[in-house]
Structure formats: structure tokens, C-alpha cells
Amino acid sequence: MRNAWIALGAFIGRHLMIIVPAGVVVGVLFPQLLLPVKPLVPTFFAIMTFQSSLSNDLAAMRTSLRRPLALFATILMVHVVLPLVTFGIATLIFGTGSPTVAGVLLEYTVPIGASTVMWIGMFAGELALGLSTLLVSTLISPFSIPLTLQVLVGTTVEIDALGMMGNMTYMVAIPALVATVLNEASHGWAKRTLAPATTPVSRLLLPLIVATNATGISEPLHHLTPALVGIMLLMLAFAIGAFVVGMALARLLSKGDDARFVAVSFGCGIRNVTAGAVLASQYFGPEVMFPAIIATPFQQVLAAAFGRIMERMLKPK
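Residues numbered from 1 in each chain as written. Predicted model: local features only at pLDDT ≥ 70, side-chain atom pairs only at ≥ 80, totals over all residues. Heavy atoms only, no water.

A. Fine view of the overall build of the chain. When helices and strands are tallied, the chain shows 16 helices and zero strands. A globule of 317 residues ought to have a C-alpha radius of gyration of about 20 Å, and the chain, at 19 Å, matches this closely. Projecting the C-alpha coordinates of the chain onto the three principal axes gives extents of approximately 55 × 45 × 45 Å. Residues classed as buried in the chain amount to 53% of the 317 residues present. Nonlocal contacts in the chain, meaning residues at least 24 apart in sequence, comprise 83% of its contacts between residues at least 6 apart. Accessible surface computed for the chain: about 14,100 Å², of which carbon and sulfur atoms make up 72%. Taking the average location of the 17 positive side-chain charges in the chain and that of its 11 negative ones, the two points are 14 Å from each other. (Helix = DSSP H or I, 4+ residues; strand = E, 2+ residues; numbered from the N terminus. Rg over C-alpha atoms; globule rule 2.2 N^0.38 Å. Buried < 20%, exposed > 50% of the residue type's maximum accessible area, 1.4 Å probe, protein only. Contact = heavy atoms within 4.5 Å. Areas by Shrake-Rupley, 256 points an atom, 1.4 Å probe, with all protein chains shown as cover. Lys, Arg positive; Asp, Glu negative; His and termini not counted. Charge placed at Lys NZ, Arg CZ, Asp CG, Glu CD.)

Dropping the structure here:
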């Protein structure tokens, strides 16, 4: 029974390129079926963070913090370089003052997404670096988001800093800390035995989370116009570009360290699209909200795709 259970997790891992897009399709076509699941998504994230963090230890965290260049470079890329680049390109396409430009910029000012930890763990990345970068990105976002929007588009927003930190504490900080302490206290038993046994749970939850998040784009996708299709393609191009730039940065920083390469790549490629959608709905109109919402399915599908690309790139020759 145990072998069959672990084999199930391995099967899902090998077929993420099919399973993740299928989750998006289910969410778009059957949003009503998934409404009862929405309140559980933060808990699902917490479970996945716990499972991913079972291989972490305090020594790895100390090593990561003693070599902070990768962390700072990722933060600079995520919170400065990518917002400026996407804003510039969107302005050239849509013109100064366009609400679409504000929507694109908003999507690239939000912090790194919590699912980064899950993907880093799934593809054997440096989890300590991923966790540290995620937490720093979240901590500075209540200040960086309003500043970036004010400087570039002249828009003032108020961020629920306590709410954002509360979500990150529940979904990331607490489960990661508990898993790390458990691994330390058990002298590696959690990493050797518990992590493989719980991997299938994490991988079964992934398509459910993707499907539930995709329900937010069901309505706009049923009323597509040529203009909205153009915005979709632009957001897809930006999402691909973020991963490509992240992998280029990771190559410079990793110096042959495959785990670090994976952590930096995912850190640059995955954003907290839920935060972007919430801010768009609170402070802006539908034209701003669409670019933020439509990025939801792209990131997880691309994460699966680029994870496979990284595996092939890093495979021993």
C-alpha cells in the first residue's frame, strides 16, 4: 500500500504538464462546483508548505542567510527591475494613463507567491533560500506596492499589511517552522521517511488549488473580446519572460549550485496573483482587474513547464 501511495505521488509529479492545465480548465468550466473549496485554499497551501519544508533544516537556513547575494538580487529583480520593464512595455503598447497599464504594473508589484515554496521543494531547490526570499518580499510589499504605483502611475493605495502578513504567517511561516523543527528534532527522520510519505498529499492538493484559483477568471473568459485576448497574450508573454529572466539571473548567481538555480528561478517567476486581484478589486475598475486576474492560470502552468525545463538543464550528463 505504501509503495502504491508513493507511486501515485511520483505519477502526478511526472505528469504536471497535463494535470496543472487540466485544473485550470476545470476551474474555468465549473466554477460553482469549487466555491465550497475556496475557504480551504489557505489551509491547503499551509499543508503543502509543511510538506515541502520537511527537508529543511536550521543549518541550511544559516547557510542561506550567510550568502545573501542571491536573496537580495532576487528581491531587486522582483520589486524593481520587472515592474519597471513591464510598465515600460505596457505603456508603449497601450499609452500613458491606460488602465490596462495600471493592471499590468499592479501584477508585477505584488510579492513573490506562496506557491514558490511548493515548486522549489518539488524540483529539489534550495528551500531555505526560497523561504527567506518569500518572507522578505512579503515584508517589504506593504511599502513597495504603494510607492511603485504612486511613482509610476500616480495612484495611491492602502495595503492591509496586517492581513497580508497574517496570511503569510498562516500559509508559509508557521508550517515551514514546524516542519523544520520537526526535521531537526527527529534527526532527519522527517526528511527521510515522513516527506516521501506525504508527498502525494501535496501533489493531489496542487490541481485542486489551481482549479479553485482559476474560478476567478471564469466570467471574463466567457466574454472575451479581441482586446482582452491581446491583454491575455501580453500577460502570458510577461509571465514567460519573468521565468526566462529569472533563470538567466539564477545562472549568474548559482555558480553550479543546482538547488540555488531552482530557488532563484522560481522566486523570479511566481507572484502572489491573489494579492494583485484583491487590490485590483478594491481600488480599481474592471479594466485594471482583468490583467491581474488573468495571470492566475499562467503562472502555475508555466511553473510546471519551466520546472521540467530546469530538470533537463540540470540533469547529469
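The discussion continues.
B. Examining the pattern of salt bridges more closely. In this structure the tally under the stated criterion is two salt bridges. Between E311 and R308 there is a salt bridge; the shortest N-O distance is 2.4 Å. In this pair, E311 and R308 are both assigned in helix α16 (residues 286-314), three residues apart and thus about one turn of the helix distant. By relative accessible area, E311 is classed as partly exposed at 37%. Residue classification places R308 among the buried residues on the basis of a relative accessible area of 15%. (Salt bridge = Lys/Arg side-chain N within 4 Å of Asp/Glu carboxyl O.)

C. Geometry of the packing of aromatic side chains. For the structure on display, the rule yields six aromatic pairs. Each residue in the set W119, F123, F243, F266 and F306 is aromatic and connected to the rest through ring pairs, giving one cluster. (Phe/Tyr/Trp six-rings, centres within 6.5 Å; stacked < 30°, edge-to-face > 60°.)

D. Structural detail: the environment of L106. Position of L106 relative to the elements: it lies in helix α7 (residues 99-107). Once the C-alpha coordinates of L106 and E311 are considered, the two residues, 205 residues apart in sequence, prove to be 31 Å apart. Leave out the neighbours within four places in its chain, and L106 touches L149, G276, L279, A280 and F284.

E. Highlighting empty space enclosed by the protein. Under the defined criterion, the tally for this structure stands at three cavities of 30 Å³ or more. The wall of the largest cavity is formed by T74, I112, T116, I120, L129, G130, T133, L134, A263, V264 and G267. At the level of elements, α8 (115-122), α9 (127-153) and α14 (258-269) are the ones that each hand at least two residues to the lining of the largest cavity. A per-element tally of the lining of the largest cavity places α9 first, with four residues. Its residues placed into classes, the lining of the largest cavity shows six nonpolar, five polar and no charged. The computed volume of the second largest cavity comes to approximately 40 Å³. Along its surface, the second largest cavity is lined by F45, S115, M118, L206, I209, V210, N213 and Q300. Those elements that place two or more of their residues in the lining of the second largest cavity are α8 and α11 (189-214). In terms of residues, the lining of the second largest cavity owes the most to one element, α11, which gives four residues. Along the lines of polarity and charge, the residues of the lining of the second largest cavity split into five nonpolar, three polar and no charged. (1 Å grid on protein atoms, 1.4 Å probe; cavity = no way out; pocket = protein on both sides within 12 Å on 5 of 7 lines; lining within 4 Å. Points joined across faces, edges and corners; volume = space filled by probe spheres on them. Nonpolar A, V, L, I, M, F, W, Y, C, P; charged D, E, K, R; others polar.)

F. Geometry of the layout of surface pockets. Estimated volume of the second largest pocket: approximately 460 Å³. Contributing to the lining of the second largest pocket are 25 residues, with Q51, S52, S55, G121 and A195 lying nearest its centre. For the lining of the second largest pocket, the secondary structure elements donating two or more residues are α1 (2-14), α4 (41-53), α8, α9 and α11. No other element matches α11, which puts seven residues into the lining of the second largest pocket. Considered class by class, the residues forming the lining of the second largest pocket number 12 nonpolar, nine polar and four charged.

G. Structural detail: the nonpolar core. Counting residues in hydrophobic clusters, the biggest one holds 88 residues, and the most contacted among them are L16, W119, L206, M235, V264 and F266. Sort the elements by how many residues they give to this core and α16 lands first, with 13 residues. What W119 contacts, discounting residues up to four positions off in sequence, is L16, V20, L206, F266, I270, Q300, A303 and A304. (Core = buried A, V, L, I, M, F, W, Y, C linked by side-chain atoms within 4.5 Å.)

H. Up close: α7. Counting buried positions along α7 yields eight of nine residues, so the element is predominantly enclosed. Among the residues making up α7, those that are buried are T100, V101, A102, G103, V104, L105, L106 and E107. In this structure S98 caps α7, since a side-chain oxygen of it lies 3.2 Å from the backbone nitrogen of T100. (Polar contact = N/O pair within 3.5 Å; in protein donor to acceptor, adjacent residues only side chain to side chain.)

I. Representation of the environment of V172. Within the secondary structure layout, V172 lies in helix α10 (residues 161-185). Separated by 55 residues in the primary sequence, V172 and V117 place their C-alpha atoms 8.2 Å from one another. V172 has contacts with T49, A114, V117, L131, L134, L135 and N167, leaving out every residue within four places of it along the chain.

J. Looking closely at the packing of α4 against α8. Contact geometry for α4 and α8: axes closest at 9 Å, N-to-C directions at 35 degrees. The handedness of the crossing between α4 and α8 is left-handed. Contact with α4, carried on its side by F45, M48, T49, S52 and S53, involves S115, V117, M118 and G121 of α8 and no other residues of that element. When its residues are assigned to classes, the contact of α4 with α8 shows four nonpolar, five polar and no charged. (Axes fitted to C-alpha atoms, helices over the stretch in contact; angles between N-to-C directions. Left-handed = near helix turned anticlockwise from the far one by under 90°.)

Remember, this is a structural readout, not a statement about activity or role.
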